[in-house]
Amino acid sequence: MCVLSFQDDLDFWGLDDALLESCCRDKYETELMCVLADMESECMDMQEDAPEIFRDNCMGRYQKCLWDLIEKPESSQAANIVSVISMMFVLVSTVGMSLNTLQGLKVLDDAGEPRDNPLLELIEAICIVWFTLEFFIRLTGSPDKCSFLKNGMNIIDVLAILPYYVELAMAQRSTGQKPEMLVEPAFMSQNTTVLDNEAFEEEEDDSLQGLLQVFRVFKLARILKLARHSRGLQSIIFTLTQSARELGLLIMILVITGLIFSSLAFYIEQGEDSGFTDIPTAFYWVIITMTTVGYGDIFPVSGLGKFVGTFCAISGALTMSLPLPIIVSNFEKYYEKQNRDDKLKLRRARIAEEKKKEESLRMGHFGLATSKV
C-alpha cells in the first residue's frame with residue numbers, strides 16, 4: 001500500500017500515527033520520509049528543468065536561438081557541433097598551456113632570454129578568442145543576466161580568459177612605458193641627484209612578474225570548463241557539494257586528531273634529531289601519515305614516537321573510511337538520476353518527432369481529400 005494513501009486514511013479517520021505499534025510506526029515514518037524527500041527532489045528538478053522565459057518578440061526569438069545553440073547541445077545538431085568544438089578548444093588550450101612550459105620548445109629572443117613558442121602563443125590566442133566569443137554569445141542569449149553572472153561555471157569562464165588579457169596589457173605597459181629620471185630641484189640642493197633608474201626598473205619588473213604569476217595560476221580554471229561538457233565531472237562536483245557536511249566532519253576529525261598526535265609527537269621527539277622542530281611541522285607529519293602518503297622526510301626515531309605513529313596511521317585509515325560510503329551513495333544517486341533524465345529527454349524528443357510526422361501525414365491526407373473534392 002502507498003504510504004501517502006495510508007497517511008490520507010489516517011487523516012480521514014482522525015487517527016494519530018502514535019497509535020501504531022512501534023515496529024509499524026518506525027517502518028511507516030521511514031518510508032514516509034523517503035517518499036517526501038523524493039517528491040521534494042523531483043520538485044526541485046522540475047524547477048531547474050523549467051523552460052527559460054524569453055521576450056515574445058523578434059529579439060527574444062533570436063536570443064532563445066543563441067541560448068539553445070550555446071547552452072543546450074541536445075536541442076539541435078548545430079548546438080551539438082558547437083559543444084564538441086568548444087570541448088576541443090578546451091583540450092587544445094590545456095595541452096598547449098602544458099607544452100608551453102617545456103624548455104625544449106622555448107625560443108630565444110634578441111637578448112638571449114628564453115620566451116614562449118610563437119606557435120603555441122598563436123594557438124592560445126585563437127583559443128582565448130573562441131572562449132571570449134562563446135562567453136559573450138552566452139551572455140547575450142541569457143534570459144537573466146544577473147543569474148548568469150552569478151553562476152559558478154560562468155565565473156570559471158571569466159577566470160579562464162581574464163589572465164590572458166591582463167598579461168597582454170602588462171606586457172604592453174612594460175614595453176611601452178619607461179620610467180623617467182627623477183632629478184632633485186636645484187634650489188633644494190647644490191648637488192643634482194639622479195635616482196638609480198635600473199634599480200627602479202628591476203623593482204617594477206619584479207612586482208609585475210609577481211602579479212603575472214598570480215594571474216597565470218588562474219589559467220588552470222580553463223580545465224574546469226570541461227565540466228560544462230562532461231557528465232562525469234558534473235557528477236563529481238555535485239557529489240562534493242551534496243557531501244559538504246560529511247567532508248566538513250572529516251576535516252574537523254582530521255584537525256582534532258592531528259592536533260592530538262602532533263602534540264604527542266613533538267614532545268616525545270623533542271630530544272631527538274628527527275625533524276619535529278615545532279607542532280605545525282608535526283601536524284604536517286600527522287596529515288601525511290593519516291592520509292597514508294608518507295613522504296618520509298619526517299619520521300619518529302624513538303620507540304614511543306613510533307608507537308604514536310602506528311596509532312596515528314591506524315586512526316587515519318579509520319577516519320578516512322568513515323564518510324566514503326555516504327559520498328559514494330550520493331555519487332550513485334546523482335549518476336542514476338542523470339542517466340534517467342537523459343533517457344527521458346530522448347523519449348520526449350522521439351515522441352515529439354513522431355507527433356510531427358503524424359501531423360504532417362494528417363495534413364497530407366487532408367490536402368488530398370480537399371483536392372479530390
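Right above here is the structure, for reference.
Let me sum up the structure you'll find in this document. (Residues numbered from 1 in each chain as written. Predicted model: local features only at pLDDT ≥ 70, side-chain atom pairs only at ≥ 80, totals over all residues. Heavy atoms only, no water.)

**Comments concerning the pattern of salt bridges**
Pairs may arise between side chains of opposite charge once their charged atoms sit close together.
Reasoning step 1: Tallied over the full model, the rule gives 5 salt bridges.
Reasoning step 2: The partner of Lys64 in a salt bridge is Asp68, with the nearest N and O atoms 2.8 Å apart. Of the two residues, Lys64 and Asp68 both sit in helix H3 (residues 58–71), 4 residues apart, roughly one turn of that helix.
Reasoning step 3: When its relative accessible area of 14% is taken as the criterion, Asp68 is described as buried.
Reasoning step 4: Here Asp68 makes a salt bridge to Lys72, at a shortest N to O gap of 4.0 Å.
Reasoning step 5: Residue classification places Lys72 among the partly exposed residues on the basis of a relative accessible area of 25%.
Reasoning step 6: Among the charged side chains, a network of salt bridges with common partners joins Glu71, Glu134, Arg138 and Asp157. (Salt bridge = Lys/Arg side-chain N within 4 Å of Asp/Glu carboxyl O. Helix = DSSP H or I, 4+ residues; strand = E, 2+ residues; numbered from the N terminus. Buried < 20%, exposed > 50% of the residue type's maximum accessible area, 1.4 Å probe, protein only.)

**Observations regarding the environment of Leu324**
Reasoning step 1: Checked against the element boundaries, Leu324 lands in helix H13 (residues 324–372).
Reasoning step 2: Between the C-alpha atoms of Leu324 and Ser243, which are 81 residues apart in sequence, the distance is 9.8 Å.

**A closer look at the packing of H3 against helix H4 (residues 77–99)**
Reasoning step 1: Viewed as axis vectors pointing N to C, H3 and H4 meet at an angle of 50°, and their least axial separation amounts to 7 Å. Between H3 and H4, the interaxial angle falls into the category oblique. On H4, the residues touching Asp68, Leu69 and Ile70 of H3 are Ala78, Ala79 and Val82.
Reasoning step 2: Classifying every residue of the contact of H3 with H4 by side-chain character gives 5 nonpolar, no polar and 1 charged. (Axes fitted to C-alpha atoms, helices over the stretch in contact; angles between N-to-C directions. Parallel < 35°, antiparallel > 145°, perpendicular 65-115°, else oblique. Contact = heavy atoms within 4.5 Å. Nonpolar A, V, L, I, M, F, W, Y, C, P; charged D, E, K, R; others polar.)

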